[in-house]
Amino acid sequence: RVCLTQLTMSFPTVFTEVISTASRYAQHEQDMAGQGGNLSYTILLILTAGNLKDEAEIRQTKQELITASGSPLSVVIVGIGDNDFSGMAFLDEHDPQTEGGRDITKFVQFTEYKSYNLLTEAVLDEIPEQLVDYYYERGMMPGKAEAVNHDGIEQLPADDDARTVQFLG
């Protein structure tokens with residue numbers, strides 16, 4: 001088993017190729033799942049330490065996100081560090097009414113959260129709506145409801161936020 005002990009960020013920051021690849025992968029997975037009457041949805045998580053290099057790269061990335069919005073995909077971008085992430089925030093400000101496509105992007109700056117619970121909530125808060133929008137727009141509804149044994153469900157307590165805040169500093 002291999003464990004990642006060090007992560008090195010590289011520059012310049014370019015997302016278009018990975019978004020395009022993830023979009024094709026997401027569509028392929030949905031096509032394969034659909035053959036069995038199932039649904040598949042993909043979430044791309046991008047960790048970045050830098051902003052996109054210029055306005056042209058930001059516009060190109062925005063267009064790639066609009067193109068990718070036709071696939072069952074959400075893109076979560078997490079900014080790590082104290083760099084300028086204004087371009088990432090712009091990618092998160094998608095207006096389907098004027099730009100077309102659907103909103104599939106969420107940007108979160110890691111350093112703005114002192115709790116893993118709050119960070120997790122911020123990262124995931126738009127995913128359910130994005131997923132439902134994708135399938136609803138295509139008239140694809142989930143399968144029949146299955147019976148759930150509620151006696152077999154165990155609810156665990158939430159993480160201790162004070163412990164997490166202490167860990168993060």
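Note that this is a predicted model, so its numbers are computed, not measured. (Residues numbered from 1 in each chain as written. Predicted model: local features only at pLDDT ≥ 70, side-chain atom pairs only at ≥ 80, totals over all residues. Heavy atoms only, no water.)

Engineer: Explain the packing of helix α1 (residues 16–35) against helix α2 (residues 55–68) here, please?
Structural biologist: Packed helices, taken two at a time, are described by the angle between their axes plus the distance between the axes. One way to put it is that α1 packs onto α2 with a least axis distance of 9 Å and a crossing angle of 5°. For the element pair α1 / α2, the angle class is roughly parallel. Between α1, through T16, I19, S20 and S23, and α2, the contact on the second element is made entirely by E57, Q60, T61, E64, L65 and A68. Within the contact of α1 with α2, the residues separate by chemical class into 3 nonpolar, 5 polar and 2 charged. (Axes fitted to C-alpha atoms, helices over the stretch in contact; angles between N-to-C directions. Helix = DSSP H or I, 4+ residues; strand = E, 2+ residues; numbered from the N terminus. Parallel < 35°, antiparallel > 145°, perpendicular 65-115°, else oblique. Contact = heavy atoms within 4.5 Å. Nonpolar A, V, L, I, M, F, W, Y, C, P; charged D, E, K, R; others polar.)

Engineer: When you look at the sheet that holds strand β3 (residues 105–109) in this model, what are you seeing that I'm missing?
Structural biologist: Note on sheets: strands pair through backbone hydrogen bonds, and any given pair is parallel or antiparallel. Read from one edge of the open sheet, 3 strands run β1-β2-β3, paired in parallel fashion. If you trace the sheet from one side to the other, it starts and ends with β1 (42–48) and β3, each paired once. Strand-to-strand twist of the sheet, defined as the mean angle between neighbouring strand axes without regard to direction, takes the value 15°. Note that strand β2 (residues 73–79) and β3 share 5 bridges and pair parallel. In the strand pairing of β3, G79 is matched with Q109. Against the sheet, helix α5 (residues 116–124) makes contact with β2 and β3, and its axis sits at roughly 155° relative to β3, the strand it touches most. (Pairing = 2+ DSSP bridges.)

Engineer: Would you take a moment to explain the side chain of S23 for this structure?
Structural biologist: Residue placement: S23 occurs in helix α1. In this structure S23 comes out as buried when scored by relative accessible area, which is 12%. When sequence neighbours within four positions are dropped, the list of residues in contact with S23 reads A68, S71 and L73. (Buried < 20%, exposed > 50% of the residue type's maximum accessible area, 1.4 Å probe, protein only.)

Distances and angles like these do not, on their own, reveal function.
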